[in-house]
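Structural features, examined
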Amino acid sequence: MRAALAIAGAAFLTLSACGGSDDPNLIRLRATGNGPDEFSVVPQRPLEMPPSLNELPPPTPGGVNRTEPNPQGQAIVALGGNPNAGTAGDRALLTATNRYGTQANVRGDLATDDQTFRDGNRGRLLNRVFSNTTYYQAYSDQTLDPRSEAARWQEQGLRTPAAPPAR
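About the criteria used
Residues numbered from 1 in each chain as written. Predicted model: local features only at pLDDT ≥ 70, side-chain atom pairs only at ≥ 80, totals over all residues. Heavy atoms only, no water. Helix = DSSP H or I, 4+ residues; strand = E, 2+ residues; numbered from the N terminus. Areas by Shrake-Rupley, 256 points an atom, 1.4 Å probe, with all protein chains shown as cover. Buried < 20%, exposed > 50% of the residue type's maximum accessible area, 1.4 Å probe, protein only. Patch = residues over 30% accessible without salt bridge, like charges linked within 9 Å, V, L, I, M, F, W, Y side chains within 5 Å. Salt bridge = Lys/Arg side-chain N within 4 Å of Asp/Glu carboxyl O.

**Focus: the overall build of the protein chain**
Counting secondary structure elements, the protein chain contains seven helices and zero strands. Counted from the first residue to the last, the protein chain has its helices and strands arranged as α-α-α-α-α-α-α. Here the protein chain has roughly 14400 Å² of accessible surface; of this, 58% comes from carbon and sulfur atoms.

Dropping the structure here:
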C-alpha cells in the first residue's frame, strides 16, 4: 500500500512539473487581470495654495498644470541635463545618448534573446510546481548593486546626480 502511494505521489509530482505554458513564470510588467495597471499610474504632485489669490497668473487653456508630472523633464534631470534648455538641450541629450549608434529592432531582438535565456533558466522542479518566480535567480549574474556602482563612479570623480540615497 505504501509503495503504491509513493509511486502515485512521484507520478503526480512528475506530471505537475510538465504542465503549464511555455512562458516562464517571471515578474510581469503588464496587468493580466481586469483591475488597474499599477505601472501606468503616475502620482501627481500635491496641490499648492498660492500666497495671494489676487496675484494668480491668467489661465492658459491647453497649457501645463503645475501639479502634472513631467516625465520627459524628470528623465533629462536624472541624466544630468537641464530640462529648461529647450530643443537645443534636447538635441544635445539625444546626441549624447545616441553616440554609439542605435539598433532598429532592439525591443524585438531583446525579447527574443530574453526568451531564449529564460527557456534555459526555468528554475528547479519545486519552483515550477509551486509557481515561484525565478526572475531574481535567473538574472542574478546580470544584476548591479546600485550603491557600489555609484561609489565606483564617484571614486573616479564623476558626477552621479541620480545616485541612490544613503541607507
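**As for the environment of L125**
Residue placement: L125 occurs in helix α5 (residues 125-129). The class of L125 is partly exposed, set by a relative accessible area of 39%. Considering only alpha carbons, one finds L125 and T14, 111 residues apart in sequence, at a separation of 8.8 Å.

**Describing a nonpolar patch on the surface**
Residues M49, L53 and L56 make up a contiguous nonpolar surface patch of about 350 Å² in total accessible area. Topologically, M49 is positioned in the loop between α1 (2-18) and α2 (71-78). On the basis of relative accessibility, which here comes to 65%, the residue M49 falls in the exposed class.

**Some points on the pattern of salt bridges**
Throughout the structure, instances matching the rule amount to one salt bridge. Taking the shortest distance from any N to any O, the salt bridge between R152 and E149 comes out at 2.6 Å. On the criterion of helical spacing, the pair formed by R152 and E149 is a turn pair, its members being three residues apart in helix α7 (residues 146-155).

Worth remembering: the numbers are spatial, not functional.
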